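Analysis of the macromolecular model
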Amino acid sequence: MLKSRLSGFIFQLIAFFLALGFVSLILVAVGASPFDAFKNMLNGSIGSMRKFAEVLVSFVPLLLVTAGLLITFSAGLWNIGVEGQIVLGAIGTTWVLRLFVDSSVHPAIVIILSIFGGMAAGALWAAFAGALKTFGGVNEIFGGLGLNFVSTALTLYLIFGPWKREGVASMSGTEPFPDVFALPQVPDLRISLWSLAIAGVAILIVYFILQGTYFGLKIKAVGKNIRAAYLLGIPTWQYSLYSFLICGALAGAAGALQVTAVYHRLIPAISSGYGYLGLMVAMLVNYQAIWAIPVALFFAALNIGSIQLPILMHLDSSLSGVLQGVLVLFVLLTEGVRQKFVKKV
Amino acid sequence: MNVELKNIHKHFGKTYANKGINLSVRSGSIQGILGENGAGKSTLMKILSGFIQSDPGGEIILGGNSVVINSPADAIHVGVGMLHQDPLDFPPMRVLDNFLLGRSGGLFPNRASVRQDFLDLAKQFDFSLDPENYVDALTVGERQQLEIIRLLWMGARVLILDEPTTGISASQKQKLFITLKKLAEQGMTIIFVSHKLEDVEFLCSQVAVLRAGELVGEMKPPFDTSKLVEMMFGKVVTLGERQPAQTGETILALQDVSLEDVRLKIKNANLDLKAGEVVGLAGLEGSGQGLFIRACAGLVRPVGGKVFLKGKDLTGKPYHTFKRGGVNFLPASRLEEGLVPGLTLTEHFILAEEPTAVFIDRAAGQRLAEDRIKSYNIRGTPTSTVESLSGGNQQRAELALLQSPLSLILLEHPTRGLDIESVIYIWSKLKDRCKKDGAAIIFISSDLEEVLQYSDRLLVFFSGEVSEPIDAATTTVEQLGQLIGGKGWPQKGDVNA
């Protein structure tokens, strides 16, 4: 047990360096210095308090999404639809905020309501994917992918239709909400401690669900062997559906915080690909909720750090995406190699 | 083409599936291969048809030439074609496309000429197959016919048929037999693998019997059925002391239950099971006993009849309703259906208790696991994952998962693959639970001695036919062997006589 954990860690370390090496090769191929590029990325992410705050802004939705995905992964489900669930969370939150924007209800209550609204909308969207799977026999990957496209279309329709800005509709999104409807931020920084706390609580709750509750144990049993779980007396399809609902609610919370703490309006790219990035983080941490925190933080740092690259080195900022993707591939690859290796011994 | 197998060995891990088999089949003959499940029939045929390779040292000689067969493509190249028990075709495709598959060469097949070939072959054997029909619309018998002419068209001179009469109608069977006889007359070599004595005796010009991986005997007509049974199942061993059942209230009552799946139909099965009673289900794999036991668990919904559990009508109710009534089902494939690989023993015991609280009580779980591990003599620790246990210990773990109170235990092959010590242990535990909880047991086993030893009554299954309950105490292994092979059944019509 300990031995397999140790070998797992060593292989992950190897994967990490392989990924760095591979990206370095790409950089050398385009005539850039890998060393400078990595240094600039490091500087751009943790070089100053302001930059680190940006990293945290990116970290919050990523962690929330990963937390949700850990539940669906444990239930053996590939919730690709998480991207759309974030979008619906943002739409739900925007809708609630619009309802109360001219009312006399206290802004704090409106914000709380709007976040719950976003969670409900995300859960609803996930329930669609879950219902398609349980009652319609549609694989959750296909159902989720389809719903993702619908959610994007819905966002554009709202921005250019019923919720368009006074005067002219634009890709920059809906009319920003007054400042009182924003989650309070740390002075001079863009990060809101509230949203950080929400994400932290979420991952802790997921950790305890998976580690310490009968509910989590049943979810895991369903994910590992749905037929045996059924024979053991677990109502399997209900538990699949519950896991969709939880994941959707957490993804919805991520969308809600994108509106209330970051953009203060609905924009077309509100999900910013955090859903897909969250899938990668969840794959990397391999069901271990606590590891989601450092890995999500690292991925967020890569996202923010790479913003410096076009400015300083005329490199495209998508390099962070390349590094993230390559890292996941190498981790999965070395895990495959390790299992072959371990089996032989 | 003469077929000769010389010194064929094949082992999987420690067990030998084939052990030094020598067999020679002359061109133009129909060779029967008999044997119970796991005797090594399929392994031998898969070696001949290239699906698996024998251990080094063996030799396959076709028409006087030693050949090496490394894949099914190699096999058909040298003229060996195999018809599998489950037809290996592509249901969503058309008949003609299936026919074309496997043919090498040619990016653009000439459909018109192939179509003509197909129709000619079909006509020759009086098969009515529409080349443009989709395969999933065909019956099992028709798919078999398609596969036979496909193999012939691809140049097969040796045709292997694995349990071809399972799942086809009587008229299709008749047509199949006529076809096979015709092919043999044309000089084809037919190898007919079956467990059905009647079919083999009717069709074959020579029979070889396998038992536990070895060729134990050959016979030519006229066939001596009781001798064949003895060869298949081994010498009749004297059974130990039997314990008569102390029966109580009715646990399970089946009234004219009819069941259906893709292959089989069971009609009007009846059973009245009392507390304390053990009923064994005998029959070769796939004869309907699996369907039957799943119907008793509520996992298969009957298409007709009624199922009562302790007097309550549960017909058509889901498995979880049965489970709440104290029905426990232990499937044969332990790691696929019975246990959850990746979860520990403790986690299994916790789940089986059907907890209603929110938070897991780790300490209680640990105590529960230690207690169960001790009382069921499982070699493992509370934190062992189930897949790390040996087969016998997995089986004990499954027994330890039986809920309480218990009214009916359903077991599929409870002792398959276990050593004799584990077998005795597991049965003593089962009888214990039976007595303590006032439960009844229904179990499937392909071990005839086990069935006779531990059952009070037994039901024999043959191609979906279910016998009337038979008293186990007055039945011999040989009688049971004959029934399993389809002999000695009452003719239709006087079942209730």
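The preceding data block contains the structure.
Residues numbered from 1 in each chain as written. Chains lettered and ligands numbered in written order. Predicted model: local features only at pLDDT ≥ 70, side-chain atom pairs only at ≥ 80, totals over all residues.

From N to C terminus, chain A includes 14 helices and 0 strands. When the helices and strands of chain A are placed in sequence order, the string is α-α-α-α-α-α-α-α-α-α-α-α-α-α. Expected size for 345 residues packed as a compact globule is a radius of gyration near 20 Å; at 21 Å, chain A falls within 12% of this value. Dimensions along the principal axes, computed over C-alpha positions, put chain A at roughly 70 × 60 × 30 Å. With 345 residues in all, chain A has 49% of them scored as buried. (Helix = DSSP H or I, 4+ residues; strand = E, 2+ residues; numbered from the N terminus. Rg over C-alpha atoms; globule rule 2.2 N^0.38 Å. Buried ≥ 20, exposed ≤ 12 C-beta atoms within 10 Å, placed from the backbone.)

The terminal C-alpha atoms of helix α4 (residues 111-124) of chain B, which comprises 14 residues, lie 20 Å apart, in line with the 20 Å expected from a rise of 1.5 Å per residue. Immediately beyond the C-terminal end of α4 of chain B, within one or two residues, lies Asp126 of chain B, with a positive phi of roughly 65°. (Expected span 1.5 Å × (residues − 1).)

Residue and element names in this part refer to chain B. Between Pro221 and Pro222 the backbone carries a cis peptide bond, its omega angle lying at 0°. Mapping Pro222 onto the fold places it in the loop between β10 (214-219) and α8 (225-233). Between Ser404 and Pro405 the backbone carries a cis peptide bond, its omega angle lying at -5°. Secondary-structure assignment places Pro405 in the loop between α14 (391-400) and β17 (408-412). In this structure, Glu163 takes a positive phi of about 45° despite not being glycine.

This part covers the environment of Arg115 of chain B. Residues and elements named next belong to chain B. For Arg115, the position within the fold is in helix α4. A sequence separation of 262 residues divides Arg115 from Asn377, and the C-alpha atoms of the two residues are 64 Å apart. Beyond its immediate chain neighbours, meaning those up to four positions away, Arg115 contacts Leu96 and Pro131. (Contact = placed C-beta atoms within 7 Å.)

Let us look at the interface of chain B and chain A. Between chain B and chain A, the residue contacts involve 22 residues of the former and 16 residues of the latter. Looking at the side of chain B that touches chain A, the elements that each hand over two or more residues are α10 (319-324), α11 (334-338) and α12 (345-352) of chain B. For the side of chain B that touches chain A, the element with the highest residue contribution is α12 of chain B, accounting for 4 residues. Of the residues in the side of chain B that touches chain A, the class split is 14 nonpolar, 3 polar and 5 charged. (Nonpolar A, V, L, I, M, F, W, Y, C, P; charged D, E, K, R; others polar.)

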